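Each chain, letter by letter, is given below.
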Amino acid sequence: MGNEKSALSGLEVDEKAIEITDFWLHHNAVIQGSNPQNLSVFISEPSLHSWANFGRPSPLERNAKNLMLYRHPCILKYVSSWHRGSKFFLATEEVRPLVQVISSLTTLQICIGLHSILRALIFLHKNVRASHNNVCSSSIYVTSEGFWKLGGLEHLCKCSEVITAHIKKTKNYRYEKAIPPEEKEMKSDIPLDPYAIDQFAFGVLAEEVLASKNSDDVPALAEFSDLCKRHLQNVEPLLRPKLPSLLSHPFFTHDFIKIHAFLMELPLKSEDDKQEFFLNLVKQLRMFPEKIVAEQLGKLLLSRMVLLDFTAQARLLPVVLRPKEENSDTECGLFTVSTFKSYLVPKILQMFCVRDVSIRLLLLSHFNSFMHVFQTDELKSQLLPELLVGIKDNNDTLVSTTLRALADLVSILGAATVIGGNRGKLFTDGRPNKVNKHVETKSDTKDGGKLISTLKVPISANNVIFDLPERLSPDGGEDRLESNFAFTEDETTWSDWEAQESTNNDHDLVKSVLEKVTESIETPVSESHVSNVDSSNSKDVNDKSKYNKKVLMSDISELDIKHSKQPHQITDEIDFFTDMEPVIQKPQVLCIEEAVSSKSMFDVNINSTIEEDQNNGWNEDLNDWGMDVTSESKN
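Report follows, based on the coordinates.

Criteria and cut-off values
Residues numbered from 1 in each chain as written. Predicted model: local features only at pLDDT ≥ 70, side-chain atom pairs only at ≥ 80, totals over all residues. Heavy atoms only, no water. Helix = DSSP H or I, 4+ residues; strand = E, 2+ residues; numbered from the N terminus. Buried < 20%, exposed > 50% of the residue type's maximum accessible area, 1.4 Å probe, protein only. Contact = heavy atoms within 4.5 Å. Areas by Shrake-Rupley, 256 points an atom, 1.4 Å probe, with all protein chains shown as cover. Patch = residues over 30% accessible without salt bridge, like charges linked within 9 Å, V, L, I, M, F, W, Y side chains within 5 Å. Salt bridge = Lys/Arg side-chain N within 4 Å of Asp/Glu carboxyl O. Axes fitted to C-alpha atoms, helices over the stretch in contact; angles between N-to-C directions. Parallel < 35°, antiparallel > 145°, perpendicular 65-115°, else oblique. Left-handed = near helix turned anticlockwise from the far one by under 90°. Core = buried A, V, L, I, M, F, W, Y, C linked by side-chain atoms within 4.5 Å. Phe/Tyr/Trp six-rings, centres within 6.5 Å; stacked < 30°, edge-to-face > 60°. Nonpolar A, V, L, I, M, F, W, Y, C, P; charged D, E, K, R; others polar. Pairing = 2+ DSSP bridges. Expected span 1.5 Å × (residues − 1).

1. Here's the deal with the overall build of the protein
At step 1: The number of helices and strands found in the protein is 25 helices and 13 strands.
At step 2: Within the protein, buried positions represent 41% of all 635 residues.
At step 3: Long-range contacts, defined here as pairs at least 24 residues apart, represent 63% of the contacts in the protein between residues at least 6 apart.
At step 4: For the protein, the exposed surface amounts to about 37,100 Å²; the carbon and sulfur share of it is 50%.

2. Here's the deal with a nonpolar patch on the surface
At step 1: A cluster of nonpolar side chains, L388, I391 and L403, forms an exposed patch at the surface whose accessible area comes to about 210 Å².
At step 2: With respect to the helices and strands, the residue I391 is situated in the loop between α18 (376–390) and α19 (396–413).

3. Regarding the packing of helix α9 (residues 255–264) against helix α10 (residues 271–285)
At step 1: As a packed pair, α9 and α10 sit with axes 12 Å apart at the nearest point and diverge in direction by 140°. Of the possible angle classes, the one that applies to α9 and α10 is oblique. Viewed along their axes, α9 and α10 form a crossing whose handedness is left-handed. Residue-level contacts link I259, F262 and L263 of α9 to D273, K274, F277, F278, L281, Q284 and L285 of α10.

4. Considering the nonpolar core
At step 1: In terms of nonpolar packing, the biggest core is built from 113 residues, with L114, F202, F224 and L316 touching the most fellow members.
At step 2: Among the elements that make up this core, the one with the highest residue count is helix α3 (residues 107–128) (13 residues).
At step 3: Residues I31, V41, F89 and A91 belong to the second largest nonpolar core, which totals 10 residues.

5. Some details on the packing of aromatic side chains
At step 1: Under the defined criterion, the tally for this structure stands at 14 aromatic pairs.
At step 2: Their ring planes at 80° and their centres at 6.1 Å tell us that F352 and F367 sit as a pair that is edge-to-face. Pair noted here: F352 is in the loop between α15 (337–351) and α16 (357–365) and F367 is in helix α17 (residues 367–370), with a separation of 15 residues, a long-range link.
At step 3: A network of ring pairs unites the aromatic residues F23, W24, F42, Y141 and Y173 as a single cluster.

6. So, the packing of helix α6 (residues 194–209) against helix α7 (residues 221–232)
At step 1: Viewed as axis vectors pointing N to C, α6 and α7 meet at an angle of 145°, and their least axial separation amounts to 9 Å. With respect to the hand of their crossing, α6 and α7 are arranged in left-handed fashion. Two secondary-structure elements touch here, α6 through Q199, F200, F202, G203, A206 and E207 and α7 through F224, C228, K229 and L232.
At step 2: Here the residues of the contact of α6 with α7 sort into six nonpolar, two polar and two charged.

7. Observations concerning the pairing of strand β3 (residues 25–31)
At step 1: Within β3, six of the seven residues are buried, which leaves it mostly tucked inside the rest of the structure.
At step 2: By the bridge criterion, six bridges tie strand β2 (residues 11–20) to β3 in an arrangement that is antiparallel. Residue pairing across strands places E12 opposite V30, the latter belonging to β3.
At step 3: Hairpin connection from β2 to β3: four residues lie between these consecutive antiparallel strands.

8. Some points on the pairing of strand β5 (residues 78–84)
At step 1: As judged from the six bridges shared by β5 and strand β6 (residues 87–93), these two strands associate in the antiparallel manner. Of the residues in β6, the one forming a bridge with Y78 is T92.
At step 2: The antiparallel pairing of β5 with β6 creates a hairpin that spans two residues between the two strands, and G85 there sits at a positive phi of about 70°.

9. Examining helix α11 (residues 290–301)
At step 1: End to end, α11 covers just 13 Å across 12 residues, shorter than the expected 16 Å (1.5 Å per residue, more than 12% under).
At step 2: The element α11 is extensively covered by neighbouring structure, given that nine of its 12 residues are classed as buried.
At step 3: Turning to α11, its buried residues number three or more, namely I292, V293, A294, Q296, L297, G298, K299, L300 and L301.
At step 4: Against the buried residues of α11 lie α3, α9, α10, α12 (304–307), α14 (317–320) and α15.

10. Considering the sheet that holds strand β9 (residues 140–143)
At step 1: What the three strands build is an open sheet, ordered β7-β9-β10; its pairing is antiparallel. If you trace the sheet from one side to the other, it starts and ends with β7 (95–97) and β10 (148–150), each paired once. Averaged over all pairs of adjacent strands, the angle between strand axes in this sheet comes to 40°, irrespective of strand direction.
At step 2: With three bridges joining them, β7 and β9 adopt antiparallel strand pairing. Within the sheet, the bridge partner assigned to R96 lies in β9 and is V142.
At step 3: Where α3 meets the sheet, its contacts fall on β9 and β10, and the angle it forms with β10 comes to roughly 25°.

11. A short note on the pattern of salt bridges
As a working rule, side chains carrying opposite charge can pair if their charged atoms are close by.
At step 1: Applying the stated criterion across every chain yields a total of 12 salt bridges.
At step 2: Between R304 and D356 there is a salt bridge, and its shortest N-O distance comes to 3.1 Å. Separated by 52 residues along the polypeptide, R304 in helix α12 and D356 in the loop between α15 and α16 bring together distant segments of the chain.
At step 3: Taking the relative accessible area as the measure of exposure, R304 reaches 43% and is therefore partly exposed.
At step 4: Accessibility expressed as a relative area gives 19% for D356, which makes it buried.

Rendered as C-alpha cells:
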C-alpha cells in the first residue's frame, strides 16, 4: 500500500462514478503507457461510513484485505490499494455491477454465472473456513468477458469468529432478503451455522435472477428454481442442502458448464485429462451457438494455459484462430468473421503486447489466417509496432517468423508503411521490349496423351525473318512437322538465364540450319542481283510472308554436301548477312578423282556461271534440273 500517492503510475480515474454505495464510489480507470490496462477503482472516505460505527478498518479496507488474501478465479481480482489523504483506494480488474447488466443476459449466461458464484462460495467454505455473509446481486460483478466475480468481502469472517455480536452489528448493512429467518429471531444462547447463512442467501439470489427466464434454454431450470425456493430457503437450517451437492444438479452438469468449469480449472488438471479434453473439445463447441461460445469461452480458449498446451496447439487453436465466412457450412473455422471481430480481436490485440517468445511464435504461425479480419488502423497502429519489435530480438527463429508476417502485411498496408524509408525504382525489367512467348499445349496420342509445349521464339537477322524448325520430341517427334520459330529484330537481347536454358540439341539444330543458310548465301550471285534484293528488302520488310521460307528436309542426308541438291534448286536467294560484311573468299573448284567418269554436280565453272547469271538474270536452266526437253515435247 502506498502513502499520499497512487501506487499505480500513470493511473487516470474517470470523474464520473458508475456505482455509488453506502461505503464507496466505483469508478472506471486506465493505466496509460505502452500497454494500456483498464481497471476499476473503488474510492472511500470517512464521510461515507463514519455513521456506520465500523471503526477501523473501514469496510473498503476490509474488502481489500480479504480480496488480497483469498485468490480464486471466481473472486474479484485484487490489483492494488493505497491511501491518499483521508481517502482509501482499491484497484481491481475492470468490472461492472451485476445489477446493471442482468437484464441483457441469457439464461445460459446466468447459469454459467451462478455456477461461478457457487464455486467461489465452496472455496470460501472448504478452503478458507469462512462465510461470505452477504451473497446478493450487489456483491457480484461482471467482467468485460462476461465472467461473474464474487466481491463484497467486507462482511466475510472466519467460522470461528461468527458470533452473535458481529452478526447483529452488520445486519443493518446487508441485503435484507438474504438474511435467514434464524438470524432475525436470533437468541444469544443459540449459535449460528455460518454456512447456512450463505446457503439461504444463494437460494434467494438464484430465484431472483432466474425469475423471468425461459426454461427451454437450459435443461432442468424449473427443477433448480424449485430447489432454490423450497430447500435452500428452508426455515430449518439443517434441512438446507450443502452447496457442494448443487454441483451435481442437472442444471449445472450440461456440457457447456463442464467445458467452462474445466477451462477455468485447467491449471489443476492432469496431463491425461487435458489431452482427452482438447481432443474432443472442437466437436462439443460446434453444438452450441457461436456467439455464446465466443462470449463465454473466447477468452478462456485463448488463455495462456491453453496456448501452451501441445494438444490444444494441434487440435484447437487452428480452428479457433481461423475465422470462417458468413453462412459458410465448412468446418475450417469455429467463428464467423463478425463474431471473431467482436470477441476475439480485442483479446488477440492484447496478446500481441505480451513479450513472450512462445506466445508470439504461436500467434505468428497463424497470423496469415486472421490478419485480414483486423481493421487497417489496428494493423497499422497496434500490430505493426509490435511486429517491428520482434525483428530486433536476438532469437533467430522469432526474427524469421516475424519477417514472414511482415511480408504478408505488405499486401494490405503496402510496402511504404511496413518497411518505411525512401523507396525508388532500383530494378529494371530486363525482358525484351516485345515479349512474344506463346505456349501452345496440345495432346499427343503417340506419346500416351502427354502434353507437349511448343515455344514460339521470334528471331531476326539483318531485318530478314526466317524460321527454325521446332525441336523434335524425344519419342516419335521425327514424324511430326516442324514448327516455326519467328524472331523479330527488337528481341535480339536475351537474359542470362534464358541463354543458359538452351540444350545441346537446340544448339546443334540451330547450327545445322545456319549452315544450310550459309550454303545458299555462298552461291555466287551478280551485283545487280544483290542490289535488287536490297531494294526488295527495304520495300517489303514489313511483309513477313514474303520471307518466311521454311526449310524442309525430307532426309537428314541433305545436310551432307556430297548429297545436297544443286545450287539452282534454291530460288529467291537472299543475302541475310549483308550488314555483317563477311570476307568472301573465291570459291575453289573441287578436285575429283580420275576414276570418276561423270562430272560431279559441284564441278561448276565460276566465270561462266557469273556471266550466265548476268545475261539471263533469274532464268532457270531446265538442263540443270535433269530434265530432257526434247523428250518432254515428244511426249
